[in-house]
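# Inside the fold
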Amino acid sequence: MPVEPAPLTTRPAWLALESQAQILRTTHLRQLFAEDPQRGERMTLEAVGLFLDYSKNRVTDETLKLLVELAEQSQLRARIDAMFRGDKINVTEKRAVLHVALRAPRSARISVDGENVVPEVHAVLDKMTVFAEKIRSGNWLGHTGKPIRNVVNIGIGGSDLGPVMAYEALKFYSDRRLTFRFVSNVDGTDFAEAVIDLDPQETLFIVSSKTFTTLETITNAQSARAWLLARLGGDEQAVARHFVAVSTNATEVAKFGIDTANMFGFWDWVGGRYSMDSAIGLSTMLAIGPEQFRDLLAGFHELDEHFRTAPFARNLPVLLALLSIWNNNFLGAETVAVLPYDQYLKRFPAYLQQLTMESNGKRVQVDGTPVPVATSPIYWGEPGTNGQHSFYQLIHQGTRLIPCDFLAFTESLNPLGRHHDLLLSNVFAQAEALAFGKTAEEVQAEGTPDWLVPHRVFAGNRPSNTILARRLTPAVLGRLVALYEHMVFVQGAIWNIDSFDQWGVELGKVLAQRIIPELEAPREPPLAHDSSTNNLIRRAREGK
Ligand code: F6P
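Residues numbered from 1 in each chain as written. Predicted model: local features only at pLDDT ≥ 70, side-chain atom pairs only at ≥ 80, totals over all residues. Heavy atoms only, no water.

### What about the sheet that holds strand 8 (residues 243–247)?
- With parallel pairing, five strands are arranged side by side in an open sheet as 6-5-7-8-9. Because the sheet does not close on itself, it has two edges, and the strands there are strand 6 (179–183) and strand 9 (263–265). Direction aside, the axes of adjacent strands within the sheet are offset by 20° on average.
- Alignment of strand 5 (residues 150–154) against strand 6, held across five bridges, turns out to be parallel. The residue bridging N153 from the neighbouring strand is F182, located in strand 6.
- Against the sheet, helix 9 (residues 188–195) engages strand 6 and strand 7 (203–208), with an angle of about 170° to strand 6. (Pairing = 2+ DSSP bridges. Helix = DSSP H or I, 4+ residues; strand = E, 2+ residues; numbered from the N terminus. Axes fitted to C-alpha atoms, helices over the stretch in contact; angles between N-to-C directions. Contact = heavy atoms within 4.5 Å.)

In structure tokens:
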């Protein structure tokens, strides 16, 4: 295990960054750009086809140097090595964290408890490939002899957000003869609407659940089973032709009635929110085909290698994490807006919410003592340009500091007249407006009446990153996801927290289990909650 770093706020770089922040809190980006005409070209980094412009952050060369020193003083190198080596860095669950093994080439060796896991990874990928080819070619027949045309992924959290995000992101590459639906919410509406127009004879359900015990997923899977059997004459044998499972829990899969021959496995060293490139990505492979799925994995792997080997100052995820720490811990920002200027990435912010906040929404360090500073900022966002006509007002003129990550592609997958130039002009304009704003003098010079001037001033000095790639391909999506995965890792390493557990989701689950029978009982049982919860339960019972 790596040597424990010194307490965070006593690390020399942390202290020096606090002094830096005193100066930079009142320094304007206008000044930083005026002082260095090359800044916009210098403060950029290009690697594995991703171009990051970080010049519109309130940093100087000295800040960046200190941030890199902070990473070093936080033992980041040792932590990266420990992850790639398969050490049990998820300390509260005593598990290795090896999503990087999911995209390692066949020839790689990555061991958990002395056993090389790469051959197992590729065995599952091969099994997925055979299955995907059968479905895509129409050779896998449903119970009544019809080929599969509809695929419904049932899962939640990491077993849903990755698949749905990837499906939407890579729709351009998908087989349009197949229809894909994603059911996650235990609200029956989600399932009912997903299957409303589907023919059960042509429908395949993928029940995706790492544990195969998740209330939402098992409830939806049972409803799917009932829906199918009711429409196919009740023959239980239909289940084997219309249900497959993705899970680490073969016992529960078999109990549900799914043939474990139709189960695609993964391992406890893959966290749910890090699993879209495991068998959890089966729906993605069915949509885009095995070859393009492997391109996606290759993209992930390229970014992994960059992260593992590039010096911190030239390392995309490290830099992104350090800048987020600077904005969050030193400049007081509490959120990060992720703003993809690509309609295909419409679910990317939702995906990132789980990745970032379930990972780093923690208040104690690995040894159980409190983290002395704020941890994960709130990640949120919407695709541009839609966000511009909704919440950007607050980013431009509100009282809060909201750093933004803009994502864009220089080539459109759907070139259509002027659309793409208009789209790109908007993303560049937003970053420019946020950084430089518009002064009272500029507003006055336009002939604005004095009383209106304050309303029309843009203070500027709002930080942003712009990430550009040429084209949204499966490989580029893999690189983007890996970029944020490793960014989260670096943040967690600096805060010295366990980014790979999620105990915070447990309490609500346990309390819900207690309330279920209280809602379902024919006569009101004794209720021993607080007065508010008791009252809400009574009203729900009355309103049934
Ligand atoms: O919300 C908690 C959580 O455990 C997530 O971490 C996970 O992605 C999700 O539930 C789904 O879990 P499973 O894949 O085991 O059904």
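Moving on, there is more to tell.
### Structural notes on the packing of helix 22 (residues 506–520) against helix 23 (residues 531–542)
- Two elements in contact, helix 22 and helix 23, have axes whose closest approach is 9 Å; the angle formed by their N-to-C orientations is 40°. Compared by their axis directions, helix 22 and helix 23 come out oblique. Handedness of the helix 22/helix 23 crossing: right-handed. Residue-level inspection shows I515, E518, L519 and E520 of helix 22 in contact with helix 23, the latter providing T533, I537, A540 and R541.
- Split into classes, the residues belonging to the contact of helix 22 with helix 23 amount to four nonpolar, one polar and three charged. (Parallel < 35°, antiparallel > 145°, perpendicular 65-115°, else oblique. Left-handed = near helix turned anticlockwise from the far one by under 90°. Nonpolar A, V, L, I, M, F, W, Y, C, P; charged D, E, K, R; others polar.)

### Comments concerning the packing of aromatic side chains
- Counting across every chain of the model gives 25 aromatic pairs.
- Their ring planes at 25° and their centres at 5.5 Å tell us that W326 and F330 sit as a pair that is stacked. Of this pair, W326 and F330 are both found in helix 15 (residues 316–330), four residues apart, which corresponds to roughly one turn of the helix. Of the two residues examined, W326 and F330, each falls in the buried class.
- Pairing F348 with Y484 gives two aromatic rings, centres 5.8 Å apart and planes at 75°, and the pair type is edge-to-face. Of the two residues, F348 sits in helix 16 (residues 348–360) while Y484 sits in helix 21 (residues 474–495), which places them 136 residues apart along the sequence. Take F348 and Y484: they sit in the same class, and that class is buried.
- Aromatic ring contacts, followed pair by pair, group F191, F205, F212, W227, F243 and F256 into a single cluster.
- Across the ring face of W140, the terminal group of R241 is positioned such that the distance to the ring centre comes to 4.2 Å. (Phe/Tyr/Trp six-rings, centres within 6.5 Å; stacked < 30°, edge-to-face > 60°. Buried < 20%, exposed > 50% of the residue type's maximum accessible area, 1.4 Å probe, protein only. Lys NZ or Arg CZ within 6 Å of the ring centre and 35° of its normal.)

### Quick word on the pairing of strand 1 (residues 44–47)
- Pairing analysis gives four bridges linking strand 1 to strand 2 (residues 50–53), with the strands arranged antiparallel. Counterpart to E46 in the pairing with strand 2 is F51.
- Linking two consecutive strands that pair antiparallel, namely strand 1 and strand 2, is a turn of two residues; a positive phi of about 40° is found at V48 within it.

### A word on the side chain of H28
- As for its position among the elements, H28 is in the loop between helix 1 (12–24) and helix 2 (29–35).
- Of the polar contacts made by the side chain of H28, one reaches the backbone oxygen of A459; its length is 2.8 Å.
- Among all residues touching H28, those that are not within four sequence positions of it are A435, F436, A459, G460 and N461. (Polar contact = N/O pair within 3.5 Å; in protein donor to acceptor, adjacent residues only side chain to side chain.)

### Examining the site of the ligand
- Inspection of the region around the ligand gives 13 residues, with S159, S209, T211, T214 and E358 positioned closest.
- One nitrogen or oxygen atom from the main chain of K210 is found 2.7 Å from an oxygen atom belonging to the ligand.
- When the free accessible area of the ligand is taken as 390 Å², the share hidden by the protein chains comes to 86%.
- Along the lines of polarity and charge, the residues of the shell around the ligand split into two nonpolar, nine polar and two charged. (Near = heavy atom within 4 Å. Areas by Shrake-Rupley, 256 points an atom, 1.4 Å probe, with all protein chains shown as cover.)

### As for the pattern of salt bridges
- Evaluation of the coordinates by the stated rule reveals 30 salt bridges.
- Between D113 and K88 there is a salt bridge; the shortest N-O distance is 2.9 Å. Note that D113 is positioned in the loop between strand 3 (111–112) and strand 4 (115–116) and K88 in the loop between helix 5 (76–85) and helix 6 (99–102), a separation of 25 residues in sequence.
- Classification of K88 by relative accessible area gives partly exposed; the value is 34%.
- For R273, the salt bridge identified is with E358, shortest N-O distance 2.9 Å. With R273 in the loop between strand 9 and helix 13 (282–288) and E358 in helix 16, this pair connects stretches of sequence that are 85 residues apart.
- A residue is classified by how much of its surface remains accessible, and E358, at 22% relative accessible area, is partly exposed.
- One network of salt bridges, in which partners are shared, links R103, D277, D304 and E485. (Salt bridge = Lys/Arg side-chain N within 4 Å of Asp/Glu carboxyl O.)

### Focus on the sheet that holds strand 11 (residues 378–380)
- Pairing is mixed across the open sheet formed by six strands, whose spatial order is 1-2-13-12-10-11. With partners counted over all chains shown, the strands left at the sheet margins are strand 1 and strand 11, one partner each. Put simply, the sheet's adjacent strands are angled 15° from each other on average, direction ignored.
- Docked against the sheet, helix 15 engages strand 1, strand 2, strand 11 and strand 13 (464–469), running at close to 25° with respect to strand 2.

### Structural notes on helix 5
- All of the buried residues in helix 5 are L76, R79, I80, A82, M83 and F84.
- Tucked into the core, helix 5 has its buried residues touching helix 4 (61–73), helix 6, helix 14 (290–309), helix 15 and helix 21.
- A positive backbone phi angle near 90° is found at G86, which sits one or two residues after helix 5.

These results come straight from atomic positions and should not be treated as a statement about function.
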